[in-house]
2 protein chains.
Amino acid sequence: MAVQSADTGRTTGTPTGTTGSVTTASGTVDLGPAAALSCRECGERFPLGPIFACTSCFGPLEVAYDLPLGDPEALRRKIESGPTNLWRYAPLLPVPADVADKPNLNPGWTKLVKADRLAAELGITGGLYVKDDSGNPTHSFKDRVVAQAVEAARAFGFTTLSCSSTGNLAGAVGAAAARAGFRSCVFIPHDLEQGKVVMAAVYGGDLVGIEGTYDDVNRFCSELIGDPIGEGWGFVNVNLRPYYGEGSKTLAYEICEQLGWRLPDQLVIPIASGSQLTKVDKGLQELIKLGLVEEKPYKIFGAQAEGCSPVSTAFKAGHEVVRPQRPDTIAKSLAIGNPADGPYVLDIAHRTGGAVEDVTDAQIVDAIKLLARTEGIFTETAGGVTVGVTKKLVEAGVLDPELTTVVLNTGDGLKTLDAVAPTTGPTATIRPSLDAFRAAGLAG
Amino acid sequence: MAVQSADTGRTTGTPTGTTGSVTTASGTVDLGPAAALSCRECGERFPLGPIFACTSCFGPLEVAYDLPLGDPEALRRKIESGPTNLWRYAPLLPVPADVADKPNLNPGWTKLVKADRLAAELGITGGLYVKDDSGNPTHSFKDRVVAQAVEAARAFGFTTLSCSSTGNLAGAVGAAAARAGFRSCVFIPHDLEQGKVVMAAVYGGDLVGIEGTYDDVNRFCSELIGDPIGEGWGFVNVNLRPYYGEGSKTLAYEICEQLGWRLPDQLVIPIASGSQLTKVDKGLQELIKLGLVEEKPYKIFGAQAEGCSPVSTAFKAGHEVVRPQRPDTIAKSLAIGNPADGPYVLDIAHRTGGAVEDVTDAQIVDAIKLLARTEGIFTETAGGVTVGVTKKLVEAGVLDPELTTVVLNTGDGLKTLDAVAPTTGPTATIRPSLDAFRAAGLAG
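Residues numbered from 1 in each chain as written. Chains lettered and ligands numbered in written order. Predicted model: local features only at pLDDT ≥ 70, side-chain atom pairs only at ≥ 80, totals over all residues. Heavy atoms only, no water.

- As recorded by an unreviewed UniProt entry, chain A carries the name Threonine synthase and is attributed to Streptomyces sulfonofaciens.
- Under the UniProt heading Sequence similarities (unreviewed entry), the entry covering chain A gives this text: "Belongs to the threonine synthase family."
- UniProt annotates chain A under Cofactor (unreviewed entry) with the comment "pyridoxal 5'-phosphate". (UniProt positions renumbered as here; feature names shortened; annotations may be inferred.)

## Looking at the environment of A:Ala34
All names here are of chain A.
Part 1 of the reasoning: In this structure, Ala34 sits in strand E3 (residues 34–39).
Part 2 of the reasoning: Overall, Ala34 belongs to the buried group, its relative accessible area being 0%.
Part 3 of the reasoning: Expressed as a C-alpha distance, the spacing of Ala34 and Ser275, which sit 241 residues apart in the sequence, is 19 Å. (Helix = DSSP H or I, 4+ residues; strand = E, 2+ residues; numbered from the N terminus. Buried < 20%, exposed > 50% of the residue type's maximum accessible area, 1.4 Å probe, protein only.)

## Quick word on the interface of chain A and chain B
Part 1 of the reasoning: Each side of the interface is counted separately: chain A has 75 residues, and chain B has 75 residues.
Part 2 of the reasoning: Between chain A and chain B, a total of about 5900 Å² is buried, with carbon and sulfur atoms accounting for 64% of that surface.
Part 3 of the reasoning: Across the contact surface, chain A and chain B share 4 salt bridges.
Part 4 of the reasoning: The tally of links from chain A across to chain B stands at 24 residue pairs in polar contact (both at pLDDT 80 or more). (Contact = heavy atoms within 4.5 Å. Buried area = accessible area lost by both parts, 1.4 Å probe. Salt bridge = Lys/Arg side-chain N within 4 Å of Asp/Glu carboxyl O. Polar contact = N/O pair within 3.5 Å; in protein donor to acceptor, adjacent residues only side chain to side chain.)

## Some remarks on the UniProt feature "domain: Tryptophan synthase beta chain-like PALP" (unreviewed entry) in chain A
Part 1 of the reasoning: The UniProt record annotates "domain: Tryptophan synthase beta chain-like PALP" (unreviewed entry) at residues 107–411 of chain A.
Part 2 of the reasoning: Helix makes up 45% of residues 107–411 of chain A and strand 17%. Its end C-alpha atoms lie 13 Å apart.

## A few points about the environment of B:Ser312
Residues and elements named next belong to chain B.
Part 1 of the reasoning: If you trace the backbone, Ser312 turns up in helix H10 (residues 310–317).
Part 2 of the reasoning: Between the C-alpha atoms of Ser312 and Leu346, which are 34 residues apart in sequence, the distance is 8.6 Å.
Part 3 of the reasoning: Excluding residues within four positions of it along the chain, Ser312 makes contact with Gln304, Val356, Glu357 and Asp358.

## Things to note about the UniProt feature "modified residue: N6-(pyridoxal phosphate)lysine" (unreviewed entry) in chain A
Residues and elements named next belong to chain A.
Part 1 of the reasoning: According to UniProt, the positions carrying the feature "modified residue: N6-(pyridoxal phosphate)lysine" (unreviewed entry) are Lys142.
Part 2 of the reasoning: Looking at where Lys142 falls in the secondary structure, it is placed in helix H3 (residues 142–155).
Part 3 of the reasoning: Discounting chain neighbours no more than four positions away, the residues touching Lys142 are Asn168, Leu169, Ala172 and Tyr244.

## Thoughts on helix H9 (residues 275–290) of chain A
All names here are of chain A.
Part 1 of the reasoning: Across its 16 residues, H9 extends 22 Å between first and last C-alpha, which sits within 8% of the 22 Å expected from 1.5 Å per residue.
Part 2 of the reasoning: Counting buried residues in H9 gives 15 out of 16 residues, a clear majority hidden from the surface.
Part 3 of the reasoning: Remark: Gly291 follows H9 within two positions and exhibits a positive phi of approximately 75 degrees. (Expected span 1.5 Å × (residues − 1).)

## Topic: the sheet that holds strand E14 (residues 355–359) of chain B
All names here are of chain B.
Part 1 of the reasoning: The 6 strands are arranged E6-E7-E15-E12-E13-E14 in an open sheet whose pairing can be described as mixed. The two strands at the open ends of the sheet, each matched to only one other strand, are strand E6 (111–114) and E14. Neighbour to neighbour, the strand axes of the sheet diverge by 25 degrees on average, direction disregarded.
Part 2 of the reasoning: Relative to strand E13 (residues 299–305), strand E12 (residues 266–270) is paired through 5 bridges, and the arrangement is parallel. Across the sheet, Leu267 pairs through a bridge with Ile300, a residue of E13. (Pairing = 2+ DSSP bridges. Axes fitted to C-alpha atoms, helices over the stretch in contact; angles between N-to-C directions.)

## Describing the domain arrangement of chain A
All names here are of chain A.
Part 1 of the reasoning: Assigned domains within chain A: domain 1 (1–85), domain 2 (111–138 + 248–423) and domain 3 (142–243).
Part 2 of the reasoning: Contacts between the two partners involve 12 residues from domain 1, matched on the other side by 9 residues from domain 3.
Part 3 of the reasoning: Of the roughly 880 Å² buried between domain 1 and domain 3, counting both surfaces, carbon and sulfur atoms make up 74%.
Part 4 of the reasoning: Among the residues of domain 1 in contact with domain 3, Leu31, Pro50 and Phe52 are the three that bury the most area, contributing 52% of the side total.
Part 5 of the reasoning: Our enumeration of links across domain 1 and domain 3 arrives at 0 salt bridges.
Part 6 of the reasoning: Here domain 1 and domain 3 share 1 residue pair in polar contact (both at pLDDT 80 or more) between them.
Part 7 of the reasoning: The leading source of residues in the side of domain 1 that touches domain 3 is strand E5 (residues 61–65), at 3 residues. (Domains from an automatic or database assignment.)

## Points about the sheet that holds strand E4 (residues 45–46) of chain A
Part 1 of the reasoning: Spatial strand order, E4-E3-E5 (chain A): 3 strands in an open sheet with antiparallel pairing. Both outer strands of the open sheet, E4 and E5 of chain A, are each paired with one neighbouring strand and no more.

## Here we look at the packing of helix H8 (residues 249–258) of chain A against H9(A)
Packed helix pairs are characterised by how far apart their axes lie and by the angle those axes make with each other.
Residues and elements named next belong to chain A.
Part 1 of the reasoning: The contact between H8 and H9 brings their axes to 7 Å, and the two run at 50 degrees. With respect to each other, H8 and H9 are oriented oblique. Read as a crossing pair, H8 and H9 show a hand that is right-handed. Across the interface between the two elements, Lys249, Leu251, Ala252, Tyr253 and Cys256 of H8 pack against Gln276, Lys279, Val280, Lys282, Gly283, Leu284, Glu286 and Leu287 of H9.
Part 2 of the reasoning: When its residues are assigned to classes, the contact of H8 with H9 shows 7 nonpolar, 2 polar and 4 charged. (Parallel < 35°, antiparallel > 145°, perpendicular 65-115°, else oblique. Left-handed = near helix turned anticlockwise from the far one by under 90°. Nonpolar A, V, L, I, M, F, W, Y, C, P; charged D, E, K, R; others polar.)

## A short note on the nonpolar core
Part 1 of the reasoning: The biggest cluster of nonpolar side chains holds 267 residues, and the ones touching the most others in it are A:Leu161, A:Leu267, A:Leu284, A:Val385, B:Leu161, B:Leu267 and B:Leu284.
Part 2 of the reasoning: Look past the residues within four positions of A:Leu267 in its chain and what remains in contact with it is A:Ile255, A:Val280, A:Leu284, A:Tyr298, A:Lys299, A:Ile300, A:Phe301 and A:Val406. (Core = buried A, V, L, I, M, F, W, Y, C linked by side-chain atoms within 4.5 Å.)

## Digging into the environment of A:Lys282
All names here are of chain A.
Part 1 of the reasoning: Counting through the fold element by element, Lys282 comes out in helix H9.
Part 2 of the reasoning: When its relative accessible area of 2% is taken as the criterion, Lys282 is described as buried.
Part 3 of the reasoning: Taking the C-alpha atoms as reference points, Lys282 and Gly376, separated by 94 residues in sequence, lie 31 Å from one another.

## Points about helix H11 (residues 342–352) of chain B
Residues and elements named next belong to chain B.
Part 1 of the reasoning: The complete set of buried residues in H11 reads Gly342, Tyr344, Val345, Leu346, Ile348, Ala349 and Thr352.
Part 2 of the reasoning: Considering only its buried residues, H11 is in contact with helix H9 (275–289), E13, H10 and E14.
Part 3 of the reasoning: Of the residues flanking the end of H11, it is Gly353, one or two places downstream, whose phi is positive at about 85 degrees.

## Digging into the pairing of strand E9 (residues 183–189) of chain B
All names here are of chain B.
Part 1 of the reasoning: Of all 7 residues that make up E9, 6 are buried, and the element is covered over most of its length.
Part 2 of the reasoning: Note: strand E8 (residues 160–164) against E9, 5 bridges, orientation parallel. Residue Leu161 lies in a different strand from E9, and its bridge partner there is Ser184.
Part 3 of the reasoning: A crossover connection joins E8 to the parallel E9 through helix H4 (residues 168–180); in handedness this β-α-β unit is right-handed.
Part 4 of the reasoning: Looking at chain direction, E9 and strand E10 (residues 206–210) are connected through 5 bridges and run parallel. Each residue of the ladder has a partner; that of Phe187, found in E10, is Val208.
Part 5 of the reasoning: Handedness of the crossover joining E9 and E10 through helix H5 (residues 194–201): right-handed. (Right-handed = clockwise from strand over helix to strand, strands pointing away.)

## Quick notes on the side chain of A:Thr410
All names here are of chain A.
Part 1 of the reasoning: Locating Thr410 in the fold gives a position in the loop between strand E15 (405–409) and helix H14 (417–420).
Part 2 of the reasoning: Judged by its relative accessible area of 6%, Thr410 falls in the buried class.
Part 3 of the reasoning: Other than its neighbours up to four places away in sequence, Thr410 contacts Asp133, His139, Ser140, Phe141, Pro270, Gln276 and Ala382.

## A word on the side chain of A:Thr329
Residues and elements named next belong to chain A.
Part 1 of the reasoning: Here Thr329 shows up in the loop between helix H10 (310–317) and helix H11 (342–352).
Part 2 of the reasoning: Judged by relative accessible area, which is 6%, Thr329 ranks as buried.
Part 3 of the reasoning: Polar side-chain contacts of Thr329 include one of 3.0 Å to the backbone nitrogen of Ala331.
Part 4 of the reasoning: At 2.9 Å, the side chain of Thr329 and the side chain of Asp361 are in polar contact.
Part 5 of the reasoning: Thr329 has contacts with Ala305, Gly307, Cys308, Ala335, Asp361 and Ile364, leaving out every residue within four places of it along the chain.

## Quick look at the pattern of salt bridges
Residues and elements named next belong to chain A.
Part 1 of the reasoning: In this structure the tally under the stated criterion is 56 salt bridges over all chains.
Part 2 of the reasoning: Residue Arg144 is joined to Glu254 by a salt bridge in which the shortest nitrogen-to-oxygen separation is 2.9 Å. Here Glu254 lies in helix H8 and Arg144 lies in helix H3, a separation of 110 residues in the sequence.
Part 3 of the reasoning: Given the relative accessible area of 0%, Glu254 is considered buried.

## Some remarks on the pairing of strand E10 (residues 206–210) of chain A
One face of the sheet, then the other: side chains in a regular strand alternate in exactly this way.
Part 1 of the reasoning: The element E10(A) is extensively covered by neighbouring structure, given that 5 of its 5 residues are classed as buried.
Part 2 of the reasoning: Burial of the side chains of E10(A) extends over both faces: A:Asp206, A:Val208 and A:Ile210 are buried on one face and A:Leu207 and A:Gly209 on the other.
Part 3 of the reasoning: Relative to strand E16 (residues 428–430) of chain B, E10(A) runs parallel, the two being bridged by 3 bridges. Across the sheet, residue A:Ile210 finds its bridge partner in E16(B), namely B:Ile430.

Here you go:
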């Protein structure tokens, strides 16, 4: 059975059945329904392996599947009887069928919160939901993508997990490696805040501070991959990137299943590299092709911080290329000035009738507090971006308030306390007496 | 139908059926199977209401139920088809049957992690599990108890949620009140660390710093409850305490269900007030009486920090009373020097053949790192206490390594970064070059 790739429209199936077992230089690789890698630009196919760029055109590679195009009802039942984590979708992911039995942090199946109080404040009447990925093991959506990378690393016989990071990813890789029994070696700029260093180091892997900027860290990692030192190393977001990226599809799967196997009308998704947004779209397209949801139009909106808004700037100017920017925003987990998937994000926003918008740092802080005050969800700055952009899009009449809307919360406020600390404190400080309480005007 | 209270052995059922609707001064109160409050000491019964102490003997009140003693198979199916949060157990909790439709943070159904790598380090061969409550909405088990208090507050017509707190509870109450649409007013000592203040204040309720110690804060709250100002206020852990405490039973329910409706052989549970440990025991007893699990012996072990070890000190000395201590430990969320449920904890440890043990601050830090390094779970100091005590009990031959053991992780390391920060950092800091990497001895 074969399905068409959601992104290229090319047929990506092979006649090898649905197990996807592939023989590579390192032996037989069982990554379930994953059949091959295919170039997103030219469509050329490659055997499954730790590669990430097309040898013909240098385009990014992504996983192509033999998806089970059988009875949707049977597939739906199989998923619903699966574990309450992202492995319930194992038949649709590049992982072996017995993945749930292997040591992994098992993220996913986070709450889809019906956000009625936030909806009332924003004037949304068609139903507003927050997909709250702060419930993941290390409290960000990164656990989803790293969980996939771990299984790919296992399949390829790697023994070390690695990445460059300034935050969420470092913790996610450190924790996942610890759980799965890999060595980890994570690279960070040497001058990170102590809190982030502790979060990355506590899992006991090697954590290496690099004297230089985040760009220097990245360049050094590329050197390592090309050097014999890096043999046996899986860099989750470099040589394992095609597998890693597939984890974001599970956000789309979960949202639709939690809505009762129904597509939402509108989604608002933050943009860093843009990978998450493109993979959510890929996931929605797969659900349609598999017959798990009824096809209908949906709009995807991208959210950026004004201080790092290369994609929204391009969108508003009507450009098809994304001009790099030097980031300057409190939303550090979104601060990628030259987003790899920027052009694909523009395509998707145009194709679905969505848009890309940005908000200021002050609006980010306000949005963090708005979400906390209305729904009891304390998000990090990236979530402030997404909620803030949602508000702005409703006010501008771009987002239709009468349609079902899902907003992604990808991280946790405990990791970016500094963003709200200067403006968040006690209502009053008083002596322990009823008179003092009354005098403070708090007696109601 | 009637069941006996797990704790007193007295029959607590009434002939009013299973709805538990009770008429109080504030009208009809629907708290599902909750039939009455009963005194833990003398057994006297009271109508459901916002009261917490027996008027005859001043003993603590707890919820008595008309539990559904019908076909266990039907009840099990009902639970299994319920939501993936603690409301799957609504038939066994003091909440209305339609609780899942009301705005609540819906905590629970957190992961029961099979901890094979930790087990190997500790020498446990019979199966070791970590019940990881850091996955709750505000990342501690407090969300469970506050979720119950919210529903009781709603039933009693309260409009303000309140508590005194130095940490996890403040955030849990602030978040839950925001979500459920209550006003909140939380009291803290004025000199808390800024991070904790931010976590408590961000949800937008009133946060009041009290010039004094935590004891002063508590005394002031008692004054408020007795004053007309406090009318309409639900103090989650004072006048709503009987309902609040029931939330901890869900830990027992989930553990058994996640083990395949089976009792574990041994549980290790941290002790602050001791309420959690006693309610987990109550939950296990209820499952046995309802026929949801097969009866068999289990042992409950309590864990304290040496710097606040009134219960373990009493246990080791063979005392039946608990002598108060002045706390001095990094495990601040367990630092209750005069634990209300201390004597009940001693009873349970003796009755089940368990024990109570304590560990030093240094052992707590080591245990936090051990859990992070082996399972990728970053726990707060309270979790370090529980894992550390587990290790100590295995080494002492008190905990049987050949039996199935469940350790409770009740909180999140992001909230107590200071505990590990001084000893957790980069392996190395280097220039971005392969030579520097090799020179640092990291090339493997």
